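# Per-entry structural report
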Amino acid sequence: MTAQVEPRIHQTSIEIPYKWTAGEIIGSFLGGLKEGKIFGGHCKNCKIVLVPVPDVCPHCLYDFKVDDFVQISGEGEIAGFTVVHHKLLRFITYHGQPELPQPPYALTLIKLNGADTNFLHLVYGDDLKKIAVGKKVKPIWREEKKGFLLDIERFTII
Amino acid sequence: MRKVACVAVGQTENKSHWPLSLPALYKLSFNRALEDVNLKSKDIEAVVFGHSPEYFEGINHPEKWVVDSLGAYKKPTFRIHTGGTVGGSTAIAAYYMVASGLFDVVLASSGNKLNETASAQIGLSTVYDPIVGRQFATGAPAAVAVQSMRYMDKYGYNEDVGLKIAVKNRNNALNNPYAQLKIPGYNLEMAKNTPMLCYPLRLADMCPTSDATCCMIFAAEDKVDKITNTPAWVRAAVGVSGGVNYVDRDWAVPIELRKAADIAYERAGIKEPRKQLDVVEVYDAFSWQEAIWYEGLHLCEYGEGGKLVEDGVTYMTGDTPVNPSGGVLSSNSIGASAMVRKAEAALQIMDKAGAHQVNDAKWSLGHGWGGAIQFHTVMIFSKEKP
């Protein structure tokens with residue numbers, strides 16, 4: 001007779017460091033954030049402005065150049081949102097980037113003025129009381145900027 | 001089933017592709033595939049995307065990030081993910097889509113940026129059984145060392161055979177603009193002087209770490225003529241897998257590859273592979289595996305793989321050159337590698353292999369390997385239309 005054990009859990013954790021090449025285009029977009037500027041990429045063929053700027057225009061496969069960058073104000077309008085309430089919904093921590101706030105916060109799609117894309121960012125604090133589709137917003141920047149999307153701390157309702 | 005040809009191939013160099021992002025690296029091989037054929041992105045109806053395990057780069061569903069740069073916007077697209085042989089499975093899936101009659105022109109693309117992780121071997125260590133398999137965290141080299149050792153012992157070969165394969169392929173790599181390891185004058189003495197990593201594998205017996213992507217475009221018979229004058233007709237496309245329970249089997253005997261080859265040769269009507277195939281590209285991530293794959297592909301009997309190298313049969317000057325490109329031993333991005341074997345086999349048929357072209361290649365075979373020893377893909381191309 002072999003020893004019987006009750007089913008048990010086999011528990012370990014895994015840590016794998018990564019670095020991701022942003023490349024010239026996304027890298028320059030992040031470089032703009034570090035200086036407190038939001039850049040869009042203007043596709044000359046499609047006559048649209050994309051934020052963040054991808055390497056390639058998905059419509060016409062144009063390879064964006066830094067010369068195609070246009071600065072936009074960062075002001076815009078809420079196109080959609082959800083309010084995250086439960087702490088368990090904050091699943092993962094990326095070491096090295098600015099920290100996310102604790103819930104509640106609103107994941108918000110923002111139609112930035114001068115751009116043709118909905119930009120995903122955060123609205124939280126007192127603004128959650130009046131958040132609604134169509135409200136005008138502007139960015140609140142962090143004092144210390146490192147070249148991350150979260151250099152913009154959040155958007156606030158104007 | 002419809003007749004299908006590979007009409008275009010694009011590859012990037014194998015190296016550290018700083019500062020290209022992953023989407024930009026895919027776009028590069030896509031641009032090159034479209035370069036000398038009469039084809040535009042809009043002519044491609046569907047996109048099959050490969051890419052190997054998420055663990056390599058820490059990006060889940062990389063297709064979400066990448067496929068727009070392959071012209072997949074508003075097109076049917078899906079991802080294939082079969083580990084090391086993913087590039088092969090991706091090409092096979094694209095072939096199926098055209099052969100079935102559902103689509104006329106389909107793009108297959110696969111790659112990786114292995115320089116983005118601290119080591120691909122960390123990710124590879126997690127492929128083993130999580131409870132009883134992966135505690136030893138060996139990655140691929142130690143597992144393949146066991147396989148190589150078993151092969152040496154079983155058939156009585158000495159260490160030099162693996163190193164000779166490495167020297168052969170690295171010298172071939174000197175003629176391939178996309179290869180990473182290019183060491184002028186590389187010889188057995190130099191290979192013998194590299195550090196022993198896990199017996200019998202020295203550093204020379206190992207592949208390098210590369211960033212690379214590859215694209216292949218497949219087209220249906222009635223579209224081929226409009227696209228290119230130099231199609232490589234697909235005569236067979238087969239993937240075979242064994243179980244991951246390899247405890248009760250002999251690692252030196254590639255039974256799954258034998259099965260894949262048997263099916264492929266039957267479909268292609270090949271009776272004597274060694275005689276009929278003009279050039280072969282195998283997935284030689286580790287030197288000894290090339291000898292084992294010869295046996296799986298019926299280029300020789302079991303136990304004779306090492307002898308094939310010693311007799312010079314698989315050198316550029318031999319009857320059946322294997323890995324004119326320099327093989328995986330000279331370039332390994334993993335994600336692109338199994339596709340590059342097929343792409344190189346197709347290029348030989350198209351007469352577009354440049355300095356490593358095999359004269360008058362009429363039949364070629366590209367192989368892919370993944371898992372421990374048990375996942376294999378095989379594609380056969382011919383110059384003559386079936």
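To start, this report covers the structure provided alongside it. Source: prediction; values computed, not measured. (Residues numbered from 1 in each chain as written. Chains lettered and ligands numbered in written order. Predicted model: local features only at pLDDT ≥ 70, side-chain atom pairs only at ≥ 80, totals over all residues. Heavy atoms only, no water.)

### Some words on the sheet that holds strand 1 (residues 4-11) of chain B
Residue and element names in this part refer to chain B. Taken together, the nine strands give an open sheet; going across it, the order is 3-2-4-7-1-8-11-10-9, and neighbouring strands pair in mixed fashion. The sheet is open, and its two edges are formed by strand 3 (77-79) and strand 9 (279-281), each paired on a single side. Taken pair by pair, the neighbouring strands of this sheet meet at an average axis angle of 25 degrees, ignoring direction. Where strand 9 and strand 10 (residues 363-370) come together, three bridges link them in parallel fashion. Each bridged residue has a counterpart across the sheet, and for Glu-281 the counterpart in strand 10 is Gly-366. Where helix 10 (residues 255-268) meets the sheet, its contacts fall on strand 8 (232-241), strand 10 and strand 11 (375-382), and the angle it forms with strand 8 comes to roughly 150 degrees. (Pairing = 2+ DSSP bridges. Helix = DSSP H or I, 4+ residues; strand = E, 2+ residues; numbered from the N terminus. Axes fitted to C-alpha atoms, helices over the stretch in contact; angles between N-to-C directions. Contact = heavy atoms within 4.5 Å.)

### Focus on the pattern of salt bridges
As a working rule, side chains carrying opposite charge can pair if their charged atoms are close by. Applying the stated criterion across every chain, the model contains 26 salt bridges over all chains. Between A:Lys44 and A:Asp68 there is a salt bridge, with the nearest N and O atoms lying 2.8 Å from each other. Within this pair, whereas A:Lys44 is found in the loop between strand 1 (38-43) and strand 2 (48-50), its partner A:Asp68 is found in the loop between strand 2 and strand 3 (69-72), the two being separated by 24 residues in sequence. B:Arg32 is the partner of B:Glu13 in a salt bridge, and the nearest nitrogen-oxygen pair spans 3.1 Å. (Salt bridge = Lys/Arg side-chain N within 4 Å of Asp/Glu carboxyl O.)

### A closer look at the interface of chain B and chain A
Taken together, the contact between chain B and chain A spans 31 residues of the former and 17 residues of the latter. Looking at the side of chain B facing chain A, the largest losses of area belong to B:Lys27, B:Tyr73 and B:Glu116, adding up to 27% of the total buried there. Notably, a salt bridge pairs A:Asp63 with B:Lys27, separated by 2.6 Å at the nearest N-O pair. Along the contact surface separating chain B from chain A lie eight residue pairs in polar contact (both at pLDDT 80 or more). At five residues, helix 1 (residues 22-35) of chain B tops the list of elements feeding residues into the side of chain B that touches chain A. Split by residue class, the side of chain B that touches chain A holds 14 nonpolar, ten polar and seven charged. (Buried area = accessible area lost by both parts, 1.4 Å probe. Polar contact = N/O pair within 3.5 Å; in protein donor to acceptor, adjacent residues only side chain to side chain. Nonpolar A, V, L, I, M, F, W, Y, C, P; charged D, E, K, R; others polar.)

### Side note on the side chain of B:Ser125
Topologically, B:Ser125 is positioned in helix 5 (residues 120-125). In terms of polar contacts, B:Ser125 uses its side chain to reach the backbone carbonyl oxygen of B:Gln121, at 2.8 Å.

### Remarks on the packing of aromatic side chains
Under the defined criterion, the tally for this structure stands at eleven aromatic pairs over all chains. Taking the centre distance of 5.7 Å and the plane angle of 20 degrees together, the rings of A:Tyr18 and A:Trp20 count as stacked. For A:Tyr18, a relative accessible area of 24% puts it in the partly exposed group. For the ring pair B:Trp293 and B:Trp369, a centre distance of 6.0 Å and an interplane angle of 40 degrees mean the geometry is tilted. Taken together, the residues B:Trp293 in helix 12 (residues 287-296) and B:Trp369 in strand 10 connect sequence positions 76 residues apart. (Phe/Tyr/Trp six-rings, centres within 6.5 Å; stacked < 30°, edge-to-face > 60°. Buried < 20%, exposed > 50% of the residue type's maximum accessible area, 1.4 Å probe, protein only.)

### Looking at helix 12 of chain B
Residues and elements named next belong to chain B. Among the ten residues of helix 12, ten are classified as buried, and the element is accordingly described as predominantly covered. Along helix 12, the residues that are buried comprise Ser-287, Trp-288, Gln-289, Glu-290, Ala-291, Ile-292, Trp-293, Tyr-294, Glu-295 and Gly-296. Positioned one or two residues after helix 12, His-298 has a phi angle of 60 degrees, which is positive.

### Quick look at the sheet that holds strand 5 (residues 105-112) of chain A
Residue and element names in this part refer to chain A. Spatial ordering of the open sheet is given by 6-5-4-7-8, a layout of five strands whose pairing is antiparallel. Each edge of the open sheet carries a strand with a single partner, namely strand 6 (118-124) and strand 8 (152-157). Strand-to-strand, the axes of this sheet are offset by a mean angle of 40 degrees, without reference to chain direction. Sheet topology note: the strand 4 (residues 76-84)/strand 5 ladder contains eight bridges and is antiparallel. The residue of strand 5 that forms the bridge with Val-83 is Ala-106.

Take it as geometry only, folks, not as evidence of what the structure does.
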